[in-house]
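A closer look at the structure
Each chain, written out:
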Amino acid sequence: MTELTIPPDADDSRAKALVQEHVDVGDVVQIWEADRTGSDDPEHEGKVTGFEPGYLELDGQTLEGASIRYDKIHSLIRVGSRSEGGVQ
């Protein structure tokens with residue numbers, strides 16, 4: 001597992017670049033929209049299926065589904081990668 005926290009002053013393009021540096025299509029991620037505590041469940045979880053303009057696509061869904069706008073991501077954890085065969 002590796003964690004990424006998006007700086008609060010990052011704009012959409014910077015947040016997208018940070019996410020793209022941290023995860024690849026096929027990776028399984030958990031995402032929080034605010035500071036997380038040890039017991040908080042993620043607001044979003046799924047397999048990265050695309051880096052769309054304005055949002056991170058999860059499980060092939062649009063923003064109405066599991067996907068999330070880059071400016072809403074506070075922290076992201078990669079819990080599995082495509083090279084590892086998914087969730088650890």
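The structure this text deals with has already been given above.
Structural notes, computed from the coordinates. Just so we're clear, the structure is a prediction, and the values are computed from it rather than from any experiment.

Notes on the pattern of salt bridges
- Considering all chains together, one arrives at one salt bridge under this definition.
- Note that Arg69 and Asp71 form a salt bridge whose closest N and O atoms lie 2.4 Å from each other.

Quick notes on the nonpolar core
- Judged by nonpolar contacts, the single largest core of 17 residues is most densely connected at Val19, Ile31, Leu56, Ile73 and Leu76.
- Among the elements that take part in this core, helix α1 (residues 12-22) stands out by supplying three residues, more than any other.
- Excluding residues within four positions of it along the chain, Leu56 makes contact with Val19, Ile31, Val48, Gly50, Phe51, Ser67, Ile68, Tyr70, Ile73 and Leu76.

Here we look at the side chain of Gln30
- Mapped onto the elements, Gln30 comes out in strand β2 (residues 28-32).
- When near neighbours in sequence (up to four residues on either side) are disregarded, Gln30 contacts Pro42, His44, Glu45, Ser75, Leu76, Ile77 and Val79.

Here's the deal with the environment of Glu33
- Relative to the assigned elements, Glu33 resides in the loop between β2 and β3 (44-52).
- On the basis of relative accessible area, Glu33 is assigned to the partly exposed category, the value being 38%.
- Taking the C-alpha atoms as reference points, Glu33 and Ile68, separated by 35 residues in sequence, lie 9.2 Å from one another.
- Excluding residues that lie within four positions of it along the chain, Glu33 makes contacts with Glu43, His44, Ile68, Lys72 and His74.
- Of the polar contacts made by the side chain of Glu33, one reaches the side chain of His44; its length is 2.8 Å.

Rules used in this analysis
Residues numbered from 1 in each chain as written. Predicted model: local features only at pLDDT ≥ 70, side-chain atom pairs only at ≥ 80, totals over all residues. Heavy atoms only, no water. Salt bridge = Lys/Arg side-chain N within 4 Å of Asp/Glu carboxyl O. Core = buried A, V, L, I, M, F, W, Y, C linked by side-chain atoms within 4.5 Å. Buried < 20%, exposed > 50% of the residue type's maximum accessible area, 1.4 Å probe, protein only. Helix = DSSP H or I, 4+ residues; strand = E, 2+ residues; numbered from the N terminus. Contact = heavy atoms within 4.5 Å. Polar contact = N/O pair within 3.5 Å; in protein donor to acceptor, adjacent residues only side chain to side chain.

Geometric descriptors of this kind do not, in isolation, establish any biological role.
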